[in-house]
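What the coordinates show
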Amino acid sequence: MSLLLSAPGWDLAAWAGRISKRAPGRRLQVAPDRFSGPEAVDYVLTWNVPHGLLSTLPNLKVIFWLGAGVDHLLADPNLPDVPIVRVVDPSLTRRMTEWVSLQVLMHHRAALTYLDQQRRVEWRSHNHPMARDVRVGVMGLGELGRDAARMLTMLGYQVAGWSRTAKTIDGIDCFAGADGLAAFLARTDILVSLLPLTPQTRGILDYGLFSGLARDGVLGGPVLINGGRGKSQVEADILRALDDGVLIGASLDVFETEPLAADSPLWAHPRVIVTPHVAAESDPTDLVDYVLTQIETFEAGGALKNRVDRTRGY
Ligand code: NDP
Ligand code: OXD
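This write-up is about the structure you can find in this document. Bear in mind the structure is a predicted one, so any value in this text is a computation, not a measurement.

**Some details on the site of ligand 1**
Around ligand 1 sit 28 residues, and of these Arg86, Thr165, Lys167, Asp253 and Tyr314 come closest. At 2.7 Å, a side-chain N or O of Lys167 approaches an oxygen atom of ligand 1. The contact in question runs from a nitrogen atom of ligand 1 to an N or O atom on the side chain of Asp253, over 2.8 Å. A total of 940 Å² of accessible area belongs to ligand 1 in isolation, and the protein chains cover 93% of it. Counting only elements with at least two residues in the shell around ligand 1, the list comes to α5 (143-154) and β7 (158-163).

**Points about helix α6 (residues 177-186)**
Where α6 is concerned, the buried positions are Gly177, Gly180, Leu181, Phe184 and Leu185. Each buried residue of α6 lies within a common arc of 130 degrees when the element is viewed along its axis, so the set occupies one face. Residues of α6 that are exposed and point over 90 degrees away from its buried face: Asp179 and Ala182. Against β6 (135-139), β7, β8 (173-176), β9 (190-193) and α7 (207-211) lie the buried residues of α6.

**A short note on the sheet that holds β8**
Within the open sheet, the seven strands sit side by side as β8-β7-β6-β9-β10-β11-β12. Their pairing is parallel. Every interior strand has two partners, whereas the edge strands, β8 and β12 (272-274), have only one. For this sheet, the mean angle separating the axes of adjacent strands, direction not counted, is 15 degrees. As paired strands, β6 and β7 are joined by five bridges and run parallel to one another. The partner of Gly137 across the bridge, within β7, is Ala160. Sitting on the sheet, α5 touches β6 and β7, and the angle it makes with β6 is about 170 degrees. Set on the sheet, helix α8 (residues 235-244) makes contact with β10 (223-226), β11 (249-252) and β12; between it and β11 the angle comes to about 155 degrees.

**Quick look at the environment of Val223**
Checked against the element boundaries, Val223 lands in strand β10. Distance in space between the C-alpha atoms of Val223 and His107 is 7.5 Å, their sequence separation being 116 residues. In contact with Val223, other than residues within four places in its own chain, are His107, Asp189, Ile190, Leu191, Leu247, Ile248, Gly249 and Ala250.

**Here's the deal with the pattern of salt bridges**
With the rule as written, the count across this model stands at 14 salt bridges. In this structure, the salt-bridge partner of Lys61 is Asp42, at a minimum N-O distance of 2.6 Å. Of this pair, Lys61 sits in the loop between β3 (41-46) and β4 (62-65) while Asp42 sits in strand β3, placing them 19 residues apart in sequence. Taking relative accessible area as the criterion, Asp42 reaches 9% and is therefore assigned buried. One salt-bridge network, in which partners are shared between bridges, spans Arg18, Arg22, Asp289 and Glu296.

What counts, and where the lines are drawn
- Residues numbered from 1 in each chain as written.
- Chains lettered and ligands numbered in written order.
- Predicted model: local features only at pLDDT ≥ 70, side-chain atom pairs only at ≥ 80, totals over all residues.
- Heavy atoms only, no water.
- Near = heavy atom within 4 Å.
- Polar contact = N/O pair within 3.5 Å; in protein donor to acceptor, adjacent residues only side chain to side chain.
- Areas by Shrake-Rupley, 256 points an atom, 1.4 Å probe, with all protein chains shown as cover.
- Helix = DSSP H or I, 4+ residues; strand = E, 2+ residues; numbered from the N terminus.
- Buried < 20%, exposed > 50% of the residue type's maximum accessible area, 1.4 Å probe, protein only.
- Arc of directions from axis to C-beta.
- Contact = heavy atoms within 4.5 Å.
- Pairing = 2+ DSSP bridges.
- Axes fitted to C-alpha atoms, helices over the stretch in contact; angles between N-to-C directions.
- Salt bridge = Lys/Arg side-chain N within 4 Å of Asp/Glu carboxyl O.

On their own, these measurements won't tell you what the molecule is for.
Right under this line is the structure:
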């Protein structure tokens, strides 16, 4: 049973090395350089595979997506009708939780202000509310959102979450659906988005939504943190909201177009933290083991875990 690895832009040496070590008996092809037998491919391991390539694999059995968000894959008009398995892995989840916690603390503890003062050699202190007085709202209570929300609770924040379907999570105020959104926003000082990109979440982070965030919080205004998908945010609206005080800060790991254009005003904005889609990177060792274990289970007649629901879009 043979594998194809395709992830344009990634250095695939570590991935190929781990596959060969963990499953020496399997034929491994790596696109585009070491790919010559499409009919031999049973399983593809991929991130951002070029649209159209998967439909050239007549014997494909399962697509293993080497990330959590499958929006690029589902946009392939010729996507074969085989199971899609996405990544759910503690290493990825914890990395996202680290990034979210860091960004929340950066804004809560005025890190941008102190970095600016440091550059200007200015010794001046500001008041800092306790975490217990800061309300964080996490959009998306899936694998990543739940873990981040729990960590923020441990740091002492008042945490709420918003999801498509209703949830009950200890210590977290849960809101759901379109009906729950306004109340969720109205109690939120720091908004964290960990939503997948679907037709319903495309462009959801816009000026109207920012205007619904709490205006009576201890930070002096609301903050946006987006680690989900860039096409969920309207960057022109973020800039407008920062300029007129509807937002007082933002941390963005994802962008409408990636890489973020060199002339985007987000790069130099004094209230914005930009990271280049690195919040939670996939780890070759952990993820190769995750995929190969699933293949072994599948070949033994067992069920695949973490399958994508194409109708739902995530
Ligand atoms: P999950 O599928 O586990 O969770 C998605 C969550 O979003 C669920 O709680 C779901 O609700 C909720 N949701 C989906 N659609 C809606 C909607 N229309 N309204 C309200 N809530 C909605 O995904 P993960 O937590 O694993 O990952 C989330 C996203 O994070 C990924 O899709 C990806 O885009 C992004 N990501 C970014 C990375 C980075 O490095 N920046 C790394 C990894 C992921 P419900 O529970 O009701 O189904
Ligand atoms: C993912 C990502 O979806 O890295 O895993 O963005």
